[in-house]
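Chain by chain, the residues:
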Amino acid sequence: MEIGAVDSLATNVVIPGSAQEPIEVYIDHVALRMAIVERAGARTIGSDWDVAGVYALLDPTASDGTWGVYVGKAPAGIRSRLSTHLSQKDHWSRAVLVRRDTRYGFHSAQVGWLEGRLYDLLDTASNARLHNIRRPVDETLPPHDRQMLESCVMPFVRVLRLLGHDASVPSAKLEPTLPPPRVSSGGNKRLRRKIHGTVRDLLAAGLLEAQAKIVSTSPARPAEATVLPDGRIEYDGRLFASPSGAADYVTKGSENGWTFWAVDTDIGRVTLDSLRKRLVPPSPG
């Protein structure tokens with residue numbers, strides 16, 4: 001069937017006869033292919049999914065409206081990666097898979113960057129609770145590749161909405177504090193927010209000062225915000241828990257706040273993303 005309307009995503013959806021088989025979603029104008037897979041049907045994924053891509057493992061929605069999610073990449077093939085998660089991760093009930101619907105598809109650097117971009121998106125979502133321990137990082141892509149990958153974000157968001165998982169950030173919402181970790185229904189694993197690579201980490205490392213002014217890097221969306229001592233971003237009288245949340249509010253869309261915001265320094269304007277790369281990664285264990 002085809003879904004299409006003004007200001008909507010024109011999408012072809014193939015719904016199989018069995019509830020265990022994946023629902024296939026095709027977005028032709030960005031050459032994107034997605035699949036919605038129930039956990040019980042994860043092994044029915046065809047060999048055409050033995051390609052590089054990204055995915056999100058979704059928990060059932062809790063009684064308070066929150067939902068857990070794990071975002072990952074599969075540079076060696078989505079099908080095999082999903083199969084390993086059947087034994088390694090017990091929290092999820094449904095998966096959303098994303099790949100390019102082209103001859104050559106994604107390469108490993110692209111899925112690495114897109115994994116981090118989707119992490120930022122879900123980290124700012126009001127009801128999402130990430131299972132990822134830390135933010136995935138792969139910032140080796142040139143700007144033209146990033147622009148192409150940004151076109152994959154909006155279809156992902158809308159498919160999540162179709163499944164009842166709203167990944168948006170209400171523009172009028174105040175965010176007084178970062179939500180505490182929550183315990184997953186599948187055991188004693190904790191759903192955590194970022195523990196490395198946050199604005200708080202930049203402040204603690206002395207790479208950014210409290211009350212620093214950060215500015216938009218987009219000529220079409222000029223804006224200036226303030227970094228608060230607790231790591232939140234203040235813009236237009238509103239408080240945001242992350243750079244991406246503030247950037248989304250400015251553009252009324254989905255943005256990577258780490259590249260959207262920059263700070264003026266003695267050596268010129270530097271993005272928050274560049275500052276984050278200077279952080280010393282935590283030692284293993």
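Residues numbered from 1 in each chain as written. Predicted model: local features only at pLDDT ≥ 70, side-chain atom pairs only at ≥ 80, totals over all residues. Heavy atoms only, no water.

Focus: the nonpolar core
Across soluble globular proteins, you tend to see nonpolar side chains buried next to one another. In terms of nonpolar packing, the biggest core is built from 38 residues, with M34 and F156 touching the most fellow members. In terms of residue count, helix 2 (residues 108-124) provides more of this core than any other element does, 8 residues in total. Residue contacts for F156: discarding those within four places in its chain leaves M34, A56, V96, V98, L118 and L121. (Core = buried A, V, L, I, M, F, W, Y, C linked by side-chain atoms within 4.5 Å. Buried < 20%, exposed > 50% of the residue type's maximum accessible area, 1.4 Å probe, protein only. Helix = DSSP H or I, 4+ residues; strand = E, 2+ residues; numbered from the N terminus. Contact = heavy atoms within 4.5 Å.)

Considering the pairing of strand 12 (residues 224-227)
Along a regular strand, successive side chains alternate from one face of the sheet to the other. Bridge count for strand 11 (residues 213-216) against strand 12 is 3 bridges, and the pairing is antiparallel. Of the residues in strand 12, the one forming a bridge with V215 is E224. The pairing of strand 12 with strand 13 (residues 233-235) spans 2 bridges and is classified as antiparallel. Its bridge partner being in strand 13, T226 is matched across the sheet by E234. Count of turn residues in the strand 12/strand 13 antiparallel hairpin: 5 residues, of which G231 carries a positive phi of about 95°. (Pairing = 2+ DSSP bridges.)

Examining the packing of aromatic side chains
Taken as a whole, this structure holds 5 aromatic pairs when the rule is applied. Judged by centre distance (6.5 Å) and plane angle (35°), the ring pair of Y55 and Y70 falls under tilted. Of the two residues, Y55 is situated in strand 5 (residues 53-58) and Y70 in strand 6 (residues 67-74); the sequence distance between them amounts to 15 residues. A relative accessible area of 14% places Y70 in the buried class. Among the aromatic residues, those joined into a cluster by ring pairs are Y235, F240, Y249, F260 and W261. Here the guanidinium or amino end of R99 rests over the ring plane of W49, the centre of that ring lying 5.6 Å away. In this arrangement the basic side chain of R276 is found over the ring face of W258, its NZ or CZ atom lying 3.9 Å from the centre. (Phe/Tyr/Trp six-rings, centres within 6.5 Å; stacked < 30°, edge-to-face > 60°. Lys NZ or Arg CZ within 6 Å of the ring centre and 35° of its normal.)

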